[in-house]
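As a plain string of letters, each chain reads:
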Amino acid sequence: MKILVCISNVPDTTTKIKFAEGNTSIDTTGIQWVINPWDELSLTRALELKDDAASGIKSVTVVHVGPSTSEPTIRKALAIGADDAIRVNAESSEAWFVAFQIAEVVKKEQFDIIMCGIESSDYNGSVVGGMISEFLGIPSVSAVSGIKIENGQPVMTREIDGGKEVVIVPAPFVAIVQKGIAKEPRIAAMRGIMMARSKPVKLVESVAVEPLTQIVVFEKPAPRAACKFIDADNPAQLIDLLQNEAKVI
Amino acid sequence: MSVLVYTENWDGKFKKLSFELVSYATGVAKMLSTSVTAVSIGKVDESELKKLGNYGADKIISVSNDQLIALDSQAYTSVISEISQKENATVIIISNNNTGKAIAPRLSVRLKAGVGSGVSKLPLNLNPFTVYKRTYSGNAFAHVVIKSDVKIITLAQNSFDLIEIANNATIENLNVPIDGSLLKTVVKDVQKQTGKIVLTDADIVVSGGRGMKSPDNWPSLVELATLLGAATACSRPVSDEGWRPNDEHTGQTGKIIAPNLYIAVGISGATQHLAGISSSKYIVAINTDKDAPIFEASQYGIVGDAMKVLPKLVAAVKEIK
Ligand SMILES: Cc1cc2nc3c(=O)[nH]c(=O)nc-3n(C[C@H](O)[C@H](O)[C@H](O)COP(=O)(O)OP(=O)(O)OC[C@H]3O[C@@H](n4cnc5c(N)ncnc54)[C@H](O)[C@@H]3O)c2cc1C
């Protein structure tokens, strides 16, 4: 079986977001770009499955839709352990566009399991994985917090409100992963970094598609009022404020 | 033309989330001068379905097909897309919860409808159709134009107030035959937690961080939560250490919540933690370090040792309850 892991290139999660061009885009000056945290965990789990010879997973490929400037993020995924990579050469403007490109890649090459993170930390869309599966007409399982292979059959745990379900769907399928999929992201070792340089990155040209949505302007979150401090010896005052001022208890 | 809203049920019952969705759909329908059709999938009795009318639904379509008990994203997408075409829906509203995230993107492709996800306000504009959504994990909000004829909105939980409008909604029981071979999801096991408040539903959340020092110190935090009718949560290191269950972890890589009140005890307020809680209406912080970043995100704060403050808070809440 072959796994495809979809990778998004996002600002480091500690970035202080600033806007540019009349708040229509993000000021990228000084931003550190990283693999989207969910995708890093999903890649980690894919590699753990491959490490177990009994799983029958033969290869782990990463795919990214983005311009050449996101090459370092792809190299990082290869350094962590992916076997090869595919980059669709385009600005990843919007979910519909990105999902369409990845679906085109999957149509040309065979994969059994396609893994996507539940959201990217930039647009917080939570839609790319589901869209890929619908473009391909294959099953998708969302909110996946665990995946293992039992006798050649992928078995997933998915989160439901107030519980979990163990589910199976026939391959090929898209697994949309979240918390629990892997504990800690795998870190690239020196050897991995050296090897990554010679691993293949296949370049694919994008297919023209009309995007369905467009961000027109960004806004900062509404500022919060300054914190009111209450004496540690008198927490009753906090309860009073929550009850009579904020009216939340 | 109509606004369609998918209202999920839990063991045949709706919850606040369902009524928020219908209230929101009613708001959108008002802007468009049209009506609201709610779609329910699964076995829900008539008195429960009628409740959707209290928030402005005009029509309720109930599909109580035995094959649709477990969530199968393809089958659910087929049912909702079929009904939306039949009802000539121009806007489809779904929750941004796990189920909504499973269905909305598939529906988007099926209907060639753009999605605005994690929306927290009524549309800002109808022409062009513009929604307001969370981006950069709460560090920015975006105005997003949806260009397609049909629009899908996934609504952020706890972001929209209930609006009660007594409407005597009509109920239509619809039988949507499903080709068995389309049902691909096999559920082998279900584990449900009973009696615990679902974190994403909670109005009040009491959350503990590494400043709680040890899992042995949790009883007073749990007692405070119980007294307040609150859910309990934690920061990532706390769940990573196994001090608290995984499903309590909030933040960038955990749950994203928006309660009315979030009480952060011994939590420093790292950006990745704030990413999960910044939409809370009120944040209270209890921390020994007066410079902890959590205070910048809070409206009320106590600089002090959690182990000393928590018992006093418990006592103070007992006074008023
Ligand atoms: C990609 C990525 C994703 C992440 N995702 C998340 C996430 O989803 N959620 C998350 O929470 N974190 C996340 N993190 C981790 C995050 O950066 C912080 O490390 C974490 O939130 C810190 O947890 P904490 O506040 O409990 O602990 P600490 O930062 O150690 O803070 C403990 C706090 O307790 C206070 N304290 C100490 N003793 C006491 C006492 N006796 N009484 C009261 N206060 C006391 C201290 O002053 C301090 O402010 C992520 C990190 C990365 C890199």
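This one's a predicted model, so the numbers in the text were calculated from it and none came from an experiment.

A. Structural detail: the overall build of chain B. Along its length, chain B carries 8 helices and 16 strands. Taken over the C-alpha trace, chain B has a radius of gyration of 21 Å; the compact-globule value for 321 residues is 20 Å, and the two agree within 12%. Taking the principal axes of the C-alpha coordinates as reference, chain B spans close to 60 × 45 × 35 Å. A burial count over chain B gives 61% of its 321 residues as buried. A separation of at least 24 residues holds for 65% of the contacts in chain B among residues at least 6 apart in sequence. On chain B, roughly 12,300 Å² of surface is accessible, and the fraction owed to carbon and sulfur atoms is 50%. One finds the centroid of the 33 positive side-chain charges in chain B at a distance of 4 Å from the centroid of its 30 negative side-chain charges.

B. The site of the ligand, seen in detail. The environment of the ligand is formed by 27 residues, the closest being B:Lys213, B:Ser235, B:Ser268, B:His273 and B:Asn287. One finds residues of chains A and B in close proximity to the ligand. B:Ser235 is positioned such that a nitrogen or oxygen atom in its side chain is 2.6 Å from an oxygen atom of the ligand. Between B:Asp305 and the ligand, the recorded distance is 3.0 Å, taken from a side-chain N or O atom to a nitrogen atom. Burial of the ligand by the protein chains amounts to 79% of its free accessible area of 980 Å². Breaking the shell around the ligand down by element, the ones donating at least two residues are α6 (236-240), α7 (271-277) and α8 (306-320) of chain B.

C. Summary view of the domain arrangement of chain B. All names here are of chain B. Looking at chain B, the domain boundaries give domain 1 (2-182) and domain 2 (199-320). In this structure, domain 1 and domain 2 have C-alpha centres spaced 32 Å apart. Across the contact, 8 residues belong to domain 1 and 12 residues belong to domain 2. Of the roughly 820 Å² buried between domain 1 and domain 2, counting both surfaces, carbon and sulfur atoms make up 27%. Ranking the residues of domain 1 by area buried against domain 2 places Arg134, Gln157 and Asn158 at the top, with a combined share of 56%. In this structure, the connection of domain 1 to domain 2 is made through 2 salt bridges.

D. Spotlight on a nonpolar patch on the surface. Judged by side-chain polarity, A:Met190, A:Ile193 and A:Met194 come together as a nonpolar surface patch covering roughly 290 Å² of accessible area. Residue position: A:Ile193 is located in helix α5 (residues 190-196).

E. Quick peek at the sheet that holds strand β13 (residues 201-205) of chain A. On the basis of which strands lie adjacent, the open sheet formed by 10 strands has the order β13(A)-β7(A)-β6(A)-β1(A)-β8(A)-β12(A)-β9(A)-β10(A)-β11(A)-β11(B) and mixed pairing. The open sheet has two free edges, formed respectively by β13 of chain A together with β11 (186-192) of chain B, since each of these has just one partner strand. With strand direction ignored, the average angle separating the axes of adjacent strands in the sheet is 30°. Helix α3 (residues 95-108) of chain A contacts β1 (2-6), β6 (59-65), β7 (84-89) and β8 (113-117) of chain A of the sheet and is inclined by roughly 145° relative to β6(A). Relative to strand β9 (residues 140-150) of chain A, helix α4 (residues 98-111) of chain B is tilted by about 100°, and along the sheet it contacts β9 and β10 (153-160) of chain A.

F. Representation of the sheet that holds strand β12 (residues 204-208) of chain B within the structure. An order of β15(A)-β16(B)-β15(B)-β14(B)-β12(B)-β13(B) is seen for the 6 strands of this open sheet, with the pairing classed as parallel. At either margin of the open sheet sits one strand with a lone partner, and together these are β15 (228-230) of chain A together with β13 (231-234) of chain B. Looking at each pair of strands side by side, their axes are set apart by 20° on average, direction ignored. Alignment of β12(B) against strand β14 (residues 261-265) of chain B, held across 5 bridges, turns out to be parallel. Within β14(B), the position partnered with B:Ile204 by the bridge is B:Leu261.

G. Structural detail: the interface of chain A and chain B. Contacts between chain A and chain B engage 77 residues on the former and 86 residues on the latter. Across the chain A/chain B interface, buried area totals approximately 7,200 Å², and carbon plus sulfur atoms make up 58% of it. A per-residue breakdown of the area chain A buries against chain B is headed by A:Glu134, A:Asp161 and A:Arg224, which together make up 11% of the total. Across the contact surface, chain A and chain B share 4 salt bridges. Across the chain A-chain B interface, the total number found is 44 residue pairs in polar contact (both at pLDDT 80 or more). For the side of chain A that touches chain B, the elements supplying multiple residues, two or more each, are α1 (37-51), α4 (128-136), β9, β10, β11 (163-168), β14 (213-219), β15 and α6 (236-244) of chain A. Broken down by element, the side of chain A that touches chain B gets its largest block of residues, 7 residues, from β14(A). Split by residue class, the side of chain A that touches chain B holds 43 nonpolar, 17 polar and 17 charged. Sheet topology places β11(A) next to β11(B); 6 bridges connect them, and they run antiparallel. Paired with A:Glu165 across the strands is B:Val190, a residue of β11(B).

H. Structural context of the pattern of salt bridges. Residue and element names in this part refer to chain A. A complete count under the given rule lists 31 salt bridges over all chains for this structure. With a shortest N-O distance of 3.1 Å, Lys107 and Glu104 are connected by a salt bridge. You can see Lys107 and its partner Glu104 sitting in helix α3, 3 residues apart, about one turn around the helix. Of the residues examined, Glu104 reaches a relative accessible area of 18% and is grouped as buried.

The rules behind the values
- Residues numbered from 1 in each chain as written.
- Chains lettered and ligands numbered in written order.
- Predicted model: local features only at pLDDT ≥ 70, side-chain atom pairs only at ≥ 80, totals over all residues.
- Heavy atoms only, no water.
- Helix = DSSP H or I, 4+ residues; strand = E, 2+ residues; numbered from the N terminus.
- Rg over C-alpha atoms; globule rule 2.2 N^0.38 Å.
- Buried < 20%, exposed > 50% of the residue type's maximum accessible area, 1.4 Å probe, protein only.
- Contact = heavy atoms within 4.5 Å.
- Areas by Shrake-Rupley, 256 points an atom, 1.4 Å probe, with all protein chains shown as cover.
- Lys, Arg positive; Asp, Glu negative; His and termini not counted.
- Charge placed at Lys NZ, Arg CZ, Asp CG, Glu CD.
- Near = heavy atom within 4 Å.
- Polar contact = N/O pair within 3.5 Å; in protein donor to acceptor, adjacent residues only side chain to side chain.
- Domains from an automatic or database assignment.
- Buried area = accessible area lost by both parts, 1.4 Å probe.
- Salt bridge = Lys/Arg side-chain N within 4 Å of Asp/Glu carboxyl O.
- Patch = residues over 30% accessible without salt bridge, like charges linked within 9 Å, V, L, I, M, F, W, Y side chains within 5 Å.
- Pairing = 2+ DSSP bridges.
- Axes fitted to C-alpha atoms, helices over the stretch in contact; angles between N-to-C directions.
- Nonpolar A, V, L, I, M, F, W, Y, C, P; charged D, E, K, R; others polar.

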